[in-house]
Amino acid sequence: MRHAAFRTSRVARRAATAATVGVLVVGLAACGGGSSGGGGSSNGGGGGGGADAAHPVTITIEDWLYTPATAGSAGVGLKAVDDAFMKANPGIKIVHQLQPYDNYFALLQSQIAARKGPDIVGNFGRPSAFQYVKGFAPITDAIGDERAKVPLTSLMSANLSDKGTLYGVPSGVGGYIMYYNKGLLKKAGVTPEIPKTWDAFIAAMEKIKGAGIVPLVTGTKDGSYVEWLWENVAAQLMTEQQAADVPLGKYPLNGADMVKAMEMVKTLFDKGLVSPDYQDVAIFPELVNSFGAGKGAFFLGLLGQETAFGKSLGANFGGNGLFPRISGSQYPAQFLDSTPGTGYSVAKWSKNQNAAGKYLKYFVSVDAQKLLFDKSTSYPVNTDTKVTSTFPSTENILKWLKLPNGHNGPDANLPTPVSAVLSQNATAMMTGKTSIKSVLDQAQSAMQAYVKQYPVPTS
Amino acid sequence: MSAAVRADSGPIVAAASRPAAAPGRLLAKAADLLFVLPLLALIGVFILLPSLLALGYSFTNWDPGYSSPWVGLANYQTLFADPTFHKVVVNEAVLLIGIPVWLIVPLIIATLLHGEVRGAGVFRSIYFFPAVLSPAILGILFSQLLKGDGAINQLLRHIGLGVFAGNWLSNPSLVKFTIIAVVAWASMGTGVVIFSSALSALPVELFEVAEIDGAGWWQRFRYVVIPGLLSTVRLYVVLLVITVFIGLFPWIFTLTQGGPSGTSTTVDYDIYQRALSFGQFGAAAAESVLMLLTIAVIFALGTLVVRASRSRPHRTEGPAS
């Protein structure tokens, strides 16, 4: 009958549909279960240390600096080092990969959690590395006697455990230096040089401002520039040991000296000696480009930027100078605020730790450090490296690196969560919307929380 | 009772008098369940399971891939004591103010385009254009347009409205309202399309009768459109509330990075920052749980309000003639 036939047909259709869906579900479950292999884990080729042409290994390196196509960039030097190493070690192939800086440390965090990724990872040679140190392999033996030629103080201490185990090497010496536009200074009737004292610096900037020129190219959108200024003032108010103790939570960030240093930075803003649009400008690339385009007289920049500024400013590039000495400085003369730059570590999951360690030992050797300097003006960490330059600003830095008392201040080694407190509140501090003491109190609390969560490695 | 089908029985009566076969009904229900099972599995694996895991991890010092010891309520205590978290709560409360703007503007535009409007399809396409672009790209674009010397301020100065030029993204007092305005522009098209589609499903006679009765545009909007689209509006509000809590990340990341001074940090951005920048995974998990609870409370309150309004007698009379 019609209805019975209809019912039977409906049941049959539903049964067929159910069977189809069941097959689909099973199929989805089978396909969705596999996980992808993330990262660039290298292929294994024996123990790595015994790699030779007959047993080649590939080691992958990741950082945010590898841009060999950009003239004068760090990537040019890194490529030269990689090529030289491969030539000397035909059994080892280097694959060097760039990751965007914005997401780099989030990626590193994920790689450490997954225990998968490149053989060598870039990082900052600071105690913030302690956040990631569980993913790093000890390289004390791999670096061996080269370690003696790389200073063990600020440059390397961040990569040491309390037992002296090495977890990373610095790639170069970082630091801060003042740059100036001599054309604008002459136009303002100011002596074309970096003033040697803070009071002379303020006086010069007020005269420059009176001439309708921006005295200090400044941007606080990302907050880091305020930290740089604070770093250079505060470094003069603390001993080298105190500066080293800050990121270990042993020296307070909210002490009277730290507050005083930040208040001195604030006077630059109170007096209007900064860029008028400073709240909208981030350091990279806008602020750097702004000085390079001749938008202001002075700029507090980083070591290694002199070559690019020399090219962009041309005849107006006056050169560089040490940060002015403040009254109340613990030091009789100016010094270079030098910090650990970027660095590299061997990943604990690497199947080629021997080869990776061999690469890092080469990386801090005289030959590699000279290549990095020649190709990308990376200042050598190896004290045996003798380099010279025909560019006066570079020669200045080489000379100043040898000055006594060169050390960093409180900011250079801050872990990310602590630095974030300062950078996120930088504009508010400089405009007076938030008290400096309250922000430094908050930073100190963040520092205490960090050292509790990520103590100095004990092995 | 056996099924005795009389020749003069209609098929409905015949079917009604015939007892249903139990195995057939079970098979039908099983088949229905199998249809939704794949989607349920996906929701379970990608939404429910991670939510439950986050709840569990929120009570630990979570270190993904490594030992994560139990810490009880420490992560929650850390959050409640953290000034940054306080700012996030305030920021979210202010951003909720954007919902009426994000709702009413597309609703009015969709109503204006409803009916015999020449080129309505073209207008809808133009309004929808921002919705097909990535918020990240739009955010980068607007971060340049809204700078102190950006195009928007330059235009304002050029037309003599320089007094209104401002630091749209770097002024703590302005930044959240700037974000609301940017998101309003970007999401307008989606709302216009949704409401246009809902309007086209309304009986045309309702509008004709209202017009015959002398209702003006506003009265038609108030007494025909809004009641007719109430279920669509409710659904859209649900989506907007969810957006405020978990949909603004690309805007914050590209426009402000949570600044200035954390005045535009949203809860999703803060969770990302805590977890992936600071390595505070336990606190980030706790914040995720709090976010989920907040959304649940908002919806519960909204449901109560809707039920209360339904229990009131309806206004049946139309516009005054």
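Being a predicted model, the structure only gives us computed values, none of them experimental.

**Considering the overall build of chain B**
Part 1 of the reasoning: Check the secondary structure of chain B and you find 15 helices and 0 strands.
Part 2 of the reasoning: Expected size for 321 residues packed as a compact globule is a radius of gyration near 20 Å; at 26 Å, chain B overshoots this value by more than 25%.
Part 3 of the reasoning: Along the three orthogonal principal directions, the C-alpha set of chain B runs to about 85 × 65 × 35 Å.
Part 4 of the reasoning: Of all 321 residues assigned to chain B, the portion counted as buried reaches 38%.
Part 5 of the reasoning: Taking the intrachain contacts of chain B between residues at least 6 apart in sequence as the baseline, contacts between residues at least 24 apart amount to 65%.
Part 6 of the reasoning: For chain B, the exposed surface amounts to about 17800 Å²; the carbon and sulfur share of it is 71%.
Part 7 of the reasoning: Averaging the positions of the 18 positive and the 15 negative side-chain charges in chain B gives two centres separated by 4 Å.

**Some words on the interface of chain A and chain B**
Part 1 of the reasoning: Contact with chain A, which involves 35 residues of that partner, is made by 35 residues of chain B.
Part 2 of the reasoning: For the chain A and chain B pair, buried surface summed over both sides reaches about 3100 Å², with 55% attributable to carbon and sulfur atoms.
Part 3 of the reasoning: Taken together, the connections running from chain A to chain B amount to 2 salt bridges.
Part 4 of the reasoning: Of the charged contacts, one joins Glu286 of chain A and Lys147 of chain B as a salt bridge, the two residues approaching to 3.6 Å between their closest N and O atoms.
Part 5 of the reasoning: Put simply, chain A and chain B have 12 residue pairs in polar contact (both at pLDDT 80 or more) between them.
Part 6 of the reasoning: Elements with a contribution of two residues or more to the side of chain A that touches chain B: α1 (2-32), α3 (101-114), α16 (416-424) and α18 (436-453) of chain A.
Part 7 of the reasoning: Partitioning the side of chain A that touches chain B into residue classes produces 15 nonpolar, 11 polar and 9 charged.

**As for the nonpolar core**
Part 1 of the reasoning: Trp230, Leu268, Phe298 and Tyr359 of chain A are the most contacted members of the largest nonpolar core, which totals 111 residues.
Part 2 of the reasoning: Per element, the largest residue contribution to this core is 8 residues, and it comes from helix α10 (residues 256-270) of chain A.
Part 3 of the reasoning: With sequence-adjacent residues up to four places away left out, Tyr359 of chain A is seen in contact with Ile59, Ile61, Val81, Asp82, Phe85, Ile94, His96 and Ile120 of chain A.
Part 4 of the reasoning: With 52 residues, the next largest nonpolar core counts Leu156, Trp168, Leu255 and Tyr269 of chain B among its residues.

**Considerations on helix α12 (residues 230-246) of chain B**
Part 1 of the reasoning: Look at α12 of chain B: 24 Å from first C-alpha to last across 17 residues, which is about the 24 Å you get at 1.5 Å a residue.
Part 2 of the reasoning: Where the residues of α12 of chain B are buried, they touch α4 (83-95), α5 (98-113), α9 (175-200), α14 (267-277) and α15 (281-311) of chain B.

**What to know about α14 of chain B**
Residues and elements named next belong to chain B.
Part 1 of the reasoning: Counting buried residues along α14, 9 of its 11 residues qualify, which places the element largely inside the surrounding structure.
Part 2 of the reasoning: Turning to α14, its buried residues number three or more, namely Val267, Asp268, Tyr269, Asp270, Ile271, Tyr272, Gln273, Arg274 and Ala275.
Part 3 of the reasoning: Where α14 ends, the next residue or the one after it, Gly279, has phi of about 75 degrees, a positive value.

**Section: the sheet that holds strand β2 (residues 92-98) of chain A**
Residue and element names in this part refer to chain A.
Part 1 of the reasoning: Strand order in the open sheet formed by 5 strands is β2-β1-β3-β9-β4, with mixed pairing between adjacent strands. Each of the sheet's edge strands pairs with one partner strand only, and the pair in question is β2 and β4 (169-170).
Part 2 of the reasoning: Here strand β3 (residues 120-124) pairs with strand β9 (residues 342-346) via 5 bridges, running antiparallel. When the bridges of β9 are listed, Val121 appears paired with Ser345.
Part 3 of the reasoning: Each of β1 (57-63), β2 and β9 is contacted by helix α2 (residues 74-88), which is oriented at about 165 degrees to β2, the strand it contacts most.
Part 4 of the reasoning: Those strands touched by α3 are β1 and β3, and its axis lies near 125 degrees from that of β3.

**Looking at the packing of helix α6 (residues 120-132) of chain B against α9 of chain B**
All names here are of chain B.
Part 1 of the reasoning: As a packed pair, α6 and α9 sit with axes 6 Å apart at the nearest point and diverge in direction by 130 degrees. As summarised for this structure, α6 and α9 are arranged oblique, according to the angle between their axes. The element α6 and its partner α9 pack so that their crossing is left-handed. Of the residues in α9, those in contact with Arg124, Tyr127, Phe128, Pro130 and Ala131 of α6 are Trp185, Ala186, Met188, Gly189, Thr190, Val192, Val193 and Ser196.
Part 2 of the reasoning: Across the contact of α6 with α9, the residue classes tally to 9 nonpolar, 3 polar and 1 charged.

**Observations concerning the confidence of the model for chain A**
Residue and element names in this part refer to chain A.
Part 1 of the reasoning: On average, chain A scores 85 in pLDDT, and the residues at 70 or more come to 85%.
Part 2 of the reasoning: Scored below 50 in pLDDT, residues 1-8 makes 3 contacts in the model with residues more than four places away or belonging to other chains.
Part 3 of the reasoning: Taken together, the stretch residues 15-49 has pLDDT below 50 and engages in 36 contacts with residues farther than four places along the chain or on a different chain.

**Here we look at the packing of aromatic side chains**
Part 1 of the reasoning: For the structure shown, the criterion picks out 45 aromatic pairs over all chains.
Part 2 of the reasoning: Taken together, a centroid distance of 6.3 Å and an interplanar angle of 80 degrees make the contact between Tyr101 of chain A and Phe124 of chain A edge-to-face. Linking Tyr101 of chain A in helix α3 with Phe124 of chain A in strand β3, this pair joins segments that are 23 residues apart in sequence.
Part 3 of the reasoning: Within the aromatic cluster, the residues linked to one another by ring pairs are Tyr176, Tyr179, Tyr225, Trp228, Phe284, Phe291, Phe299, Phe309, Phe317 and Phe391 of chain A.
Part 4 of the reasoning: The aromatic ring of Tyr66 of chain B is capped on one face by Arg115 of chain A, whose charged end is 4.2 Å from the ring centroid.
Part 5 of the reasoning: The ring of Tyr66 of chain B is capped by Lys134 of chain A, whose NZ or CZ atom sits 5.4 Å from the centre of that ring.

Thresholds, definitions, all that
- What you see as residue numbers is a count from 1 along each chain, following the sequence as written.
- Note on labels: chains are lettered from A, ligands numbered from 1, in written order.
- pLDDT decides what is reported in this predicted model: residues at 70 or higher carry local features, side-chain atom pairs at 80 or more are listed and counted, and totals for whole chains, interfaces and linings draw on all residues regardless.
- The side-chain values count all of the structure's non-hydrogen atoms but skip hydrogen atoms and water molecules.
- Per the convention used, a helix needs a DSSP run of H or I reaching at least four residues, while a strand needs a run of E reaching at least two, with both numbered from the N terminus.
- Atoms counted for the radius of gyration: C-alpha only. Globule rule: 2.2 Å times the number of residues to the power 0.38.
- Any residue under 20% of the maximum accessible area for its type is buried, any over 50% is exposed, and the rest in between are partly exposed; the area is computed with a 1.4 Å probe on protein chains only.
- Whether two residues are in contact is decided by their heavy atoms: any pair within 4.5 Å suffices.
- To be clear on the numbers: accessible area is Shrake-Rupley with a 1.4 Å probe, and residue cover counts the displayed protein chains and nothing else.
- Charged-residue counts in this description rest on Lys and Arg as positive and Asp and Glu as negative, His and the chain ends being excluded.
- Note that the charge is assigned to NZ on lysines, CZ on arginines, CG on aspartates and CD on glutamates.
- Buried area: the accessible surface (1.4 Å probe) lost by two parts on joining, summed over both.
- By salt bridge we mean one thing: a side-chain nitrogen of Lys or Arg within 4 Å of a carboxyl oxygen of Asp or Glu.
- Distance and chemistry together define a polar contact, namely a pair of N or O atoms within 3.5 Å, with one atom able to donate a hydrogen and the other to accept it when in protein, and with adjacent residues in sequence counting only for side-chain atoms on both sides.
- Polarity classes work like this: nonpolar for Ala, Val, Leu, Ile, Met, Phe, Trp, Tyr, Cys and Pro, charged for Asp, Glu, Lys and Arg, and polar for all others, with Gly in that last group.
- Definition of nonpolar core: a set of buried residues of the types Ala, Val, Leu, Ile, Met, Phe, Trp, Tyr and Cys, connected through side-chain atoms within 4.5 Å.
- One less than the number of residues in a helix, times 1.5 Å, gives the span that helix is expected to have.
- Paired strands are those between which DSSP finds at least two bridges.
- The axes used here are C-alpha line fits, helices contributing only the stretch in contact, and every angle between their N-to-C directions lies in the interval 0 to 180 degrees.
- To sort the angles, those under 35 degrees are grouped as roughly parallel, those over 145 as roughly antiparallel, those from 65 to 115 as roughly perpendicular, and the leftovers as oblique.
- Note: crossing handedness is left-handed where the near helix turns anticlockwise from the far helix by less than a right angle, and right-handed where it turns clockwise.
- pLDDT runs from 0 to 100 and stands for how confident the predictor is about each residue.
- For this analysis, a ring pair means two rings from Phe, Tyr or Trp (six-membered ring only for Trp) whose centres lie within 6.5 Å, classed as stacked if their planes differ by under 30 degrees, edge-to-face if by over 60, and tilted for the remaining angles.
- Distance and angle both matter: a charge sits over a ring if NZ of Lys or CZ of Arg is within 6 Å of the ring centre and within 35 degrees of the ring normal.

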